[in-house]
Amino acid sequence: MSLVPSGWRPPRSVVTLGVIVLLDLVVDALFAHATRTAGLLSPGGKPHVGVLALGVAAIVLRLAVGFVVPTVAVALGVVRLAERFGTRRR
Amino acid sequence: MTGVTRARWAIRLVAVALGLLVTRVATPWVAGRWAGRWLDGDAAMQLALAEELIAFEADDDAARATPATERFAGEWALVTHQMTALGLAQIALAHPEQRARLAPEVTRAALKSWRAEMRGFGTRAWGGEDALASTGSTHGHAYFAYPALAVGVARWLDPAFPAATAREHDAVIAAYERRLLASPTGLIETYPGESYPTDCAAVAAAIAVHGRATGADHSAVLARWARHVVDTQLDTQTGFVVQRMGWLDAKAHDAPRGSGTALGAYFAGFADRAVARKMTEALVAHESSFFGFAAIDEYGRGRRGAGDVDSGPVVLGVSVTATGCALGPLRAHGFRADFERVYRTTQLFGVPWRDSDRVRFVTGGPIGNAMLLAMLTSGPELAP
């Protein structure tokens, strides 16, 4: 017995949200690694542009995962539930 | 618009509202889940960040032993070593069982902040006059209070602190006491003709901690400094500390600002609890919040300005330094709800990362982590 019907595919919106969350985890890990090995700045204070760019990407993704992803996920879920409920009633 | 279309739009609106509601509850909860542990002085939490800074100091020692072309020196390095010493000392005070292990680490970081290469920026500003070599001078050299405070806490905690540096420290503190008592404004210069009340708060903190380390009575100079802070250095409208002033006439050379107030409140806490609390209340009054996340404004109402080396970036009116440094006074003076909101912002933008037994805020770099260590453990250092 399977919980997921055969041939079922997750909606594209769910996949997109999942990819954003996954990307956030990966970029956080890459950023942490880059700051450990190269640092944001050299000991003399020169910025490492690549690491800083990774940091900007990490923060943008964190904002997306913190605010956009849960809002969109809940909203889509509610709309889908309402549609399903409406179809059954009809 | 048909009834079906209207119903669809209504469902979509309700769905978005529900989504926002869930985000309003869940996201601050996730971002603030460590705030309570920091507030309650969780030893595991504090030691995890402490281990990161201890490892940084060890790496820094190793780098110094090699013929590198670039050295970690100057103003940022000075503050990094100073804040590491202060943070570790606060943990040792809060958890006395850690004192024997942490005291030598406090001394190591404090002694590095004391090095001549760290204060080179100040020596250059005074035309080559070194703060340590000119204790008989009337020049303020207030920037040197940062390492003097670090050395003070190391002397307070570490019975094996080197005697030669302790003698130098005594001379520096005596100079600061004499200069502050002679000042008509309670201010002394950081650079020629310029005084920063925040640096003067660090001077007061260094004097106060010297008293705790040696038993010397500095109550007269500290009481005088506290009176001057309230009378001339705090802006009557905003409660913020004026960022830069003339040391002889106490005229404002810059606006009252959040960054100077937040760091000043932390330093003031070592010397005078009431003054520090007054500054902290000004920070709370200038807290901007959104969706359960808060940050501290750099300027009071009606003023605007760009970020600089003191404030860091100013985005939507709030500054990185004011926000990060506010955590210390908010924790120390028991503003729990405000601490939690500001901490959530730190967690969101700081990108905390755990490596085995160590935790660090990835966007902070060494200076950010050292400052957060001092701020997130602030409290045990407060003046009685």
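In case you missed it, the structure is sitting above this.
The paragraphs below set out a description of the structure included in this document. (Residues numbered from 1 in each chain as written. Chains lettered and ligands numbered in written order. Predicted model: local features only at pLDDT ≥ 70, side-chain atom pairs only at ≥ 80, totals over all residues. Heavy atoms only, no water.)

**A few points about the overall build of chain A**
Thinking step 1. Check the secondary structure of chain A and you find two helices and zero strands.
Thinking step 2. Over its C-alpha atoms chain A spans a radius of gyration of 20 Å, topping by over 25% the 12 Å that the globule rule assigns to 90 residues.
Thinking step 3. Counting only C-alpha atoms, chain A reaches 70 × 30 × 15 Å along its principal axes.
Thinking step 4. When burial is assessed residue by residue, chain A has 26% of its 90 residues classed as buried.
Thinking step 5. Taking all contacts inside chain A whose residues are at least 6 apart in sequence as the whole, residues at least 24 apart take part in 58%. (Helix = DSSP H or I, 4+ residues; strand = E, 2+ residues; numbered from the N terminus. Rg over C-alpha atoms; globule rule 2.2 N^0.38 Å. Buried < 20%, exposed > 50% of the residue type's maximum accessible area, 1.4 Å probe, protein only. Contact = heavy atoms within 4.5 Å.)

**Section: the packing of helix 11 (residues 258–271) of chain B against helix 13 (residues 320–332) of chain B**
Helices that pack against each other are described as a pair by the angle of their axes relative to one another and the distance between those axes.
All names here are of chain B.
Thinking step 1. Interaxial distance between helix 11 and helix 13 falls to 8 Å at its minimum, and their mutual angle equals 25 degrees. Judged by the inter-axis angle, helix 11 sits roughly parallel to helix 13. Between helix 11 and helix 13 lies a crossing whose hand is left-handed. When helix 11 is examined against helix 13, the residues Gly258, Ser259, Ala262, Leu263, Ala265 and Tyr266 are found in contact with a partner set consisting of Thr321, Ala322, Cys325, Ala326 and Pro329. (Axes fitted to C-alpha atoms, helices over the stretch in contact; angles between N-to-C directions. Parallel < 35°, antiparallel > 145°, perpendicular 65-115°, else oblique. Left-handed = near helix turned anticlockwise from the far one by under 90°.)

**Things to note about the layout of surface pockets**
Over the atoms rolls a probe the size of a water molecule, and in doing so it shows where empty space is left.
Thinking step 1. What the second largest pocket holds in volume is close to 470 Å³.
Thinking step 2. Around the second largest pocket, the lining is made up of 20 residues, and of these A:Asp24, A:Arg62, A:Val65, B:Val30 and B:Arg33 lie nearest the centre.
Thinking step 3. Secondary structure elements with two or more residues in the lining of the second largest pocket: helix 1 (12–37) and helix 2 (49–89) of chain A together with helix 1 (3–31), helix 14 (336–350) and strand 7 (352–355) of chain B.
Thinking step 4. In the lining of the second largest pocket, the residues fall into 12 nonpolar, three polar and five charged. (1 Å grid on protein atoms, 1.4 Å probe; cavity = no way out; pocket = protein on both sides within 12 Å on 5 of 7 lines; lining within 4 Å. Points joined across faces, edges and corners; volume = space filled by probe spheres on them. Nonpolar A, V, L, I, M, F, W, Y, C, P; charged D, E, K, R; others polar.)

**Observations regarding the pairing of strand 8 (residues 358–361) of chain B**
Residue and element names in this part refer to chain B.
Thinking step 1. Note that strand 7 and strand 8 share four bridges and pair antiparallel. Across the sheet, the residue bridging to Arg354 is Val359, located in strand 8.
Thinking step 2. Between strand 7 and strand 8, which follow one another and run antiparallel, lie two residues, and Ser356 among them has a positive phi close to 45 degrees. (Pairing = 2+ DSSP bridges.)

**What about the packing of aromatic side chains?**
Thinking step 1. Per the counting criterion, the structure on display carries 12 aromatic pairs over all chains.
Thinking step 2. Between B:Tyr191 and B:Tyr196, the aromatic rings sit 6.3 Å apart at their centres with planes inclined by 85 degrees, giving edge-to-face as the arrangement.
Thinking step 3. Clustering of aromatic rings is evident, with ring pairs tying together A:Phe67, B:Phe290, B:Phe291 and B:Phe293.
Thinking step 4. Stacked on the ring of B:Trp9, the Lys or Arg B:Arg12 has its end atom at 5.0 Å from the ring centre. (Phe/Tyr/Trp six-rings, centres within 6.5 Å; stacked < 30°, edge-to-face > 60°. Lys NZ or Arg CZ within 6 Å of the ring centre and 35° of its normal.)

**As for the packing of helix 9 (residues 197–214) of chain B against helix 11 of chain B**
Residues and elements named next belong to chain B.
Thinking step 1. At a minimum axis separation of 7 Å, helix 9 and helix 11 run at an interaxial angle of 20 degrees. With respect to helix 11, the element helix 9 is oriented roughly parallel. Here helix 9 and helix 11 pass one another in a crossing that is left-handed. In this structure, helix 9 uses Thr198, Ala201, Ala202, Ala204, Ala205, Ala208, Val209 and Arg212 to contact helix 11, whose residues at the interface are Gly260, Leu263, Gly264, Phe267, Ala268, Phe270 and Ala271.
Thinking step 2. Grouping the amino acids of the contact of helix 9 with helix 11 by side-chain chemistry returns 11 nonpolar, three polar and one charged.

**Side note on the interface of chain B and chain A**
Bring the parts together and some accessible area is lost; that lost area is often taken as the interface size.
Thinking step 1. Contact with chain B, which involves 30 residues of that partner, is made by 25 residues of chain A.
Thinking step 2. Approximately 2,300 Å² of surface area, both sides summed, lies buried where chain B meets chain A, with 70% of it carried by carbon and sulfur atoms.
Thinking step 3. Scanning the region where chain B abuts chain A turns up two salt bridges.
Thinking step 4. Two residues, B:Glu52 and A:Arg36, come together in a salt bridge whose shortest N-O distance is 3.0 Å. (Buried area = accessible area lost by both parts, 1.4 Å probe. Salt bridge = Lys/Arg side-chain N within 4 Å of Asp/Glu carboxyl O.)

**Observations regarding the nonpolar core**
Thinking step 1. Ranked by internal contacts, the top residues of the largest apolar core, which has 107 residues, are B:Met83, B:Tyr176, B:Trp225, B:Phe267, B:Phe339, B:Tyr343 and B:Leu376.
Thinking step 2. Counting residues in hydrophobic clusters, the runner-up holds 10 residues, among them A:Phe31, A:Ala32, A:Leu40 and A:Val51. (Core = buried A, V, L, I, M, F, W, Y, C linked by side-chain atoms within 4.5 Å.)

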